[in-house]
Amino acid sequence: MGKDQAQVPDFSTGQPGAPEDLEALRLFGAPALRQPAGTLQGLEWSRGLALLTYVACEQGWHAREQLAMVLRPDTEAATARNYLRGIIHKLRQALPGLEALRIEEGRIRWAGTSDVIEFRQAVSRSDWQRAVNLQPLPLLDRMGSVGIPFLDEWIERERVHLRSALRRSLLALILQRQAAGGGADDLMRRLIGDDPLDEDAVQFVLSQARNSVERQLAATAFRALQRGLAADAGEEPLASTVRLYEEMLHRADRRREAARPAGEPAGTEAVWKAGPPAAPAPEADVRDAIPLGRADDFRKLVDLVRRDGVRMITVSGFGGVGKTVLARSLFTWLSRESGGSCIWVDLAAAETQQAMLNAIAQEAGLSKLEQSVEGHLALWLSERSVVLFLDNVEQLALHAAVLSRLLRAAPALRIVATSREVLHLPEEYSFHVTGLDFNGPRSPAARLFALHAERVGFQLDAAHERDVVRLVGFLEGLPLAIELAAGWLPLFGPDTVLRELQDNPSFLDETVEPVGSGHTMRPVLATAWRRLVPQEQQALGRLAVFEGAIGLGQAREVAGTELATLLRLVQKSVLQRIDGSSFRLHPLLREFVRITAPADAISQGMESHCSHFLGRLSSMPPLRPSWDMPEAAREILVQAEDLVKAWRHAVDTQRIDLMGPALANLSVLLHTGSRREEALALCQHAQGRVPFVPIGAGLATLHAMTLLSLGRLEQARRIAQGALAQGAQGRAKVWLEICLSRLDWIAGDYRQSFAHAKSALETAEENHPDMKLMVLQDMAMTRYALRQFEQGRAEAMESLQLARAQRDQAWQGRALCALGVLCSASGSPAQAVRYLLQSLDHFQRPEAAYDQGFALRCLSYAYGLAGEFEAQTAAAESAMATFRSAGYYHELGPSLVSIGFAQQSVGEVAQARETYLQVLEMSRRDRNVSNMVRCIWLIGLLSIPHDRANALLFTVFARGHEALRPPDDTIIDRELRAAGFTQEEIDQGIAAACALDIEAVCARIFADAAVAPRSRPAA
């Protein structure tokens, strides 16, 4: 370890429960350890430090058995455990007395904090400045490979994810700083400096450049993008990017013209003022050689070819992935570099060793040889320095030893082969090729699809972007599949092509004439299947029942697959490794195998798959309804599609023995993990097909709560009431009563909401005390609506104490949020802000999006009551963005109200009025009565200056409605007094309002605003 010590940078402990007397890791840039005394110790890069980084960033306990297997998947379990033990021993020797590294029997975790943890928390709090400050350099910058594939791949993925989060933080901070009237050239410079070829970033800078410094920077970034695209891929910037550049120049022209003194001639503009500069022509050999999206692969291959000692490279990968295109590009480039000492041999038609040797000899220009072709060829090659490119070698794998003999006979010979499987030669370096990157509309996969679309005469535009991204993602960036999918565009749009493929993957090959290459997917898939021996076909048939990723242990248990068989399936490119311990099948191959594999393999796999997943759920301790779940639950939640598939199979085969014990944990897992669509599919498949006891009541509970979270309120009410009427008991009854309580809350019937919450509490206290803390919070919120603040605070505080005793982050945060709401309503906004900020500290995980959005919205109101209007606006906008990005569309209306409050607080009255009208339309459609009532009185107060009569009518109607929430009544009373209304006028307004219902009031409001209700607002 390094001996340098320095003062630690300012990153405070932010991990919940991380004591201040523990060490902290600095992982951005060169790794270092902060001691409790405050000094910084540099750390030497090692396998132990790489493992420590993984454990520290992936928070929580890690099973040592699992760590051992992902570090050494190629060995027996005992050997892997010894290997892990050795790494930990060396780490402890290098860092004696490391308190934050907790190692118990069978598990390990990092109890301290790190700058990575701090960064993630800053991003989740929208503290963009702190996030930007915390990541000055990439994760473990300039630290090389440690030789453990799992850790090397994880570090690279994590580095990409963290840089992506930094990019989002920079974008947000630039907008924030400009909104405050400041410059952002330093942030823009950092944004585009991270990746000069990030066209989205360049577009952003071009559109946001406000002053001369920022415009100069934007112009420089545009030129760099032009040069880079031309050199790397022979491309030009998008037309939209060029247009933004020209618009920026035009804006600058107008500013200069306006600022020029009268009579002064034009003509002394800045250098960047000229039109889009012509990009320098890149070197033709480099530009032409690199295939679309393969720049990194191409460079790595070039480096490998140039490396001393590398004499044979096998470019391996699934059929249709682009092995030949990449190898042909290398051949073209290397031929130019070496002056023609490269030979290309297509071996697709060769089935024997003799046929392979004859094909090589023919391409080498040797005269027809009658015998000893290998000897003549070896002699000829031994006298030359040649790179031999052998395409399509997989069918000759059994004869590959002849290539080793040629390499030994010809010291200057090098071979580059393409094959669907590795050849297992001692000289071989395997270079595995996967599908093109398919993340985003500018990804290589999306751009390839656009090129093929253009070739078949279909013009893609911005409206197609989302569907194209989903389509190429479904195809996992496989170039041949993308080409074939584009062949359908003259008939269907990308969305329809995707739907057809999801229903029937063989649809891909049904075009009348394949585009371009003339290949189809079926021969590719059939060849891959034929190259498997029966044992491998049986194993692949069982693995094909999985919908998503397949863990190593699952492959062995469900498919009964030995490690050696798994290894062969990976080497034959039919099974793709996605990290050290997980695998997947390409969806097209998966569907082909399901049709082709022996029926007994599929049926056995389905039964084992069902027993495995539902059995895992049954064996877990009862899960609390909290996203703060144990690690085992998190691991299985990632495989939600497989959980639903296992459930469907159990329903179809009437495996009540598996469904009953698994249902409770399955419901909690899907509901609290925000897997709403999967939960809905599960419920719909079982509806009417399972007995009410012991399964139907629990299923109805999951169905009702899922519909509630999706905003389908009437359906949720119907199912919850029906299940209670059938006699649901126990946990199911608690959940159903809570569901009805929340539905009544939304409808503004707070007394009925309280009655359901009270019934739930009585059932929980009697039979299920572990659910009490959840029910207490619903009780507290109904108390708030009924203005019973003291009782509400007492129940929220009791819930907080229970949550702390159980160390449940989710319910602690929710209890603090309830306390914040009660403080706001009872006139203590400063205390409310403190509670709500504390609650947000508990909502750091992605699964906590709903809680985070709700707490931010409550915080916005608290800030408004406290007079902190800038913070009010920021919190309201963050709440809106959080709900929208997480898919909670039924919460957009209430969130828009909070934005309207913020607009009104800063004097943007017209915008606020339009916002309230918009929300009123949404709430009217969704029958959210409490939200309608709030909009009515807000619109009423804003109408006072121009229509006092209607303003009073709207306001007093809302004031007397049972759905009105505190402290709205207090605000209404105060504002009416401030507007000068007498008690007599108010009484007259109340009398007029009594003759109206809420629909009549809404109709008057829309008529008064001279707008008609719209079908769906822009929000």
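Residues numbered from 1 in each chain as written. Predicted model: local features only at pLDDT ≥ 70, side-chain atom pairs only at ≥ 80, totals over all residues. Heavy atoms only, no water.

- In the annotation of an unreviewed UniProt entry, the chain is listed under the name ORC1/DEAH AAA+ ATPase domain-containing protein and assigned to Ramlibacter humi.

## With respect to the pairing of strand β4 (residues 39-42)
One face of the sheet, then the other: side chains in a regular strand alternate in exactly this way.
Right, on to step 1. Bridging between strand β3 (residues 32-34) and β4 involves three bridges; their strand directions are antiparallel. Directly across from Leu 33, in β4, lies its bridge partner Gln 41. (Pairing = 2+ DSSP bridges. Helix = DSSP H or I, 4+ residues; strand = E, 2+ residues; numbered from the N terminus.)

## Examining the packing of aromatic side chains
Right, on to step 1. Here the structure, examined in full by the defined rule, presents 15 aromatic pairs.
Right, on to step 2. Where Tyr 54 meets Phe 150, the ring centres are 5.2 Å apart and the plane angle is 75°; that geometry is what we call edge-to-face. Remark: Phe 150 occurs in helix α6 (residues 149-179) and Tyr 54 occurs in helix α1 (residues 47-57); sequence separation between them is 96 residues.
Right, on to step 3. Of the residues examined, Tyr 54 reaches a relative accessible area of 13% and is grouped as buried.
Right, on to step 4. Taking 5.1 Å as the distance between ring centres and 85° as the angle between the ring planes, the aromatic pair formed by Tyr 54 and Trp 154 counts as edge-to-face. A residue pair is termed long-range when its members are at least 10 positions apart, and Tyr 54 in helix α1 and Trp 154 in helix α6 qualify at 100 residues.
Right, on to step 5. Owing to a relative accessible area of 4%, Trp 154 belongs among the buried residues under this scheme.
Right, on to step 6. Among the aromatic residues, ring-to-ring pairing joins Tyr 54, Phe 150 and Trp 154 into one connected group.
Right, on to step 7. When the ring centre of Trp 811 is taken as reference, the NZ or CZ atom of Arg 814 above it lies at 4.3 Å. (Phe/Tyr/Trp six-rings, centres within 6.5 Å; stacked < 30°, edge-to-face > 60°. Buried < 20%, exposed > 50% of the residue type's maximum accessible area, 1.4 Å probe, protein only. Lys NZ or Arg CZ within 6 Å of the ring centre and 35° of its normal.)

## With respect to helix α2 (residues 64-71)
Spacing of three or four residues puts side chains on the same side of an α-helix, whose turn is 3.6 residues.
Right, on to step 1. Of the positions making up α2, those classed as buried are Leu 67, Ala 68, Met 69, Val 70 and Leu 71.
Right, on to step 2. Those residues of α2 that are buried are in contact with α1, β5 (62-63), α3 (77-94), β7 (107-110), α6 and α23 (552-558). (Contact = heavy atoms within 4.5 Å.)

## Re unusual backbone geometry
Right, on to step 1. Of note, the phi angle at Leu 140 is positive, near 50°, even though the residue is not glycine.
Right, on to step 2. Tracing the backbone through its elements, the reader meets Leu 140 in the loop between α5 (128-134) and α6.

## As for the side chain of Glu 428
Right, on to step 1. Within the secondary structure, Glu 428 is located in strand β13 (residues 428-432).
Right, on to step 2. Of the side chains bearing the opposite charge, Arg 531 lies closest to the buried Glu 428, which forms no salt bridge; the N-O distance is 12 Å.
Right, on to step 3. Only 2.6 Å separates the side chain of Glu 428 from the side chain of Thr 314, close enough to count as a polar contact.
Right, on to step 4. At 2.9 Å, the side chain of Glu 428 forms a polar contact with the backbone nitrogen of Leu 423.
Right, on to step 5. Glu 428 has contacts with Met 312, Thr 314, Val 422 and Leu 423, leaving out every residue within four places of it along the chain. (Lys, Arg positive; Asp, Glu negative; His and termini not counted. Salt bridge = Lys/Arg side-chain N within 4 Å of Asp/Glu carboxyl O. Polar contact = N/O pair within 3.5 Å; in protein donor to acceptor, adjacent residues only side chain to side chain.)

## Examining the pattern of salt bridges
Right, on to step 1. Within this structure, the stated rule accounts for 40 salt bridges.
Right, on to step 2. One salt bridge connects Asp 968 with Arg 934, and the closest N-O pair in it is separated by 2.9 Å. Here Arg 934 lies in helix α43 (residues 929-942) and Asp 968 lies in helix α45 (residues 968-978), a separation of 34 residues in the sequence.
Right, on to step 3. Put simply, Asp 973 and Arg 959 hold a salt bridge, and the shortest N to O gap is 3.0 Å. Pair noted here: Asp 973 is in helix α45 and Arg 959 is in helix α44 (residues 948-959), with a separation of 14 residues, a long-range link.
Right, on to step 4. For Arg 959, a relative accessible area of 33% gives the class partly exposed.
Right, on to step 5. When salt bridges with common partners are traced through the structure, they connect Glu 547, Arg 590, Glu 591, Arg 594 and Lys 645 into a single cluster.

## Remarks on the sheet that holds strand β11 (residues 387-391)
Right, on to step 1. With parallel pairing, five strands are arranged side by side in an open sheet as β10-β11-β12-β9-β13. Looking at which strands have only one partner, the edges of the open sheet turn out to be β10 (342-346) and β13. On average, each strand axis in the sheet is tilted by 20° relative to the strand beside it, whichever way the strands run.
Right, on to step 2. The pairing of β11 with strand β12 (residues 414-419) spans four bridges and is classified as parallel. (Axes fitted to C-alpha atoms, helices over the stretch in contact; angles between N-to-C directions.)

## Points about helix α22 (residues 534-543)
Right, on to step 1. Along α22, seven of the 10 residues are buried, which leaves the element largely enclosed by surrounding structure.
Right, on to step 2. Those residues of α22 not exposed but buried are Glu 536, Gln 537, Ala 539, Leu 540, Gly 541, Arg 542 and Leu 543.

## A short note on the sheet that holds β5
Right, on to step 1. The three strands are arranged β5-β7-β6 in an open sheet whose pairing can be described as antiparallel. The two strands at the open ends of the sheet, each matched to only one other strand, are β5 and β6 (101-104).
Right, on to step 2. In terms of strand pairing, β6 meets β7 through four bridges, oriented antiparallel. Considered in β7, the bridge of Arg 102 is made with Arg 109.
Right, on to step 3. Contacting β5, β6 and β7, α1 runs over the sheet at an angle of about 80° to β7.

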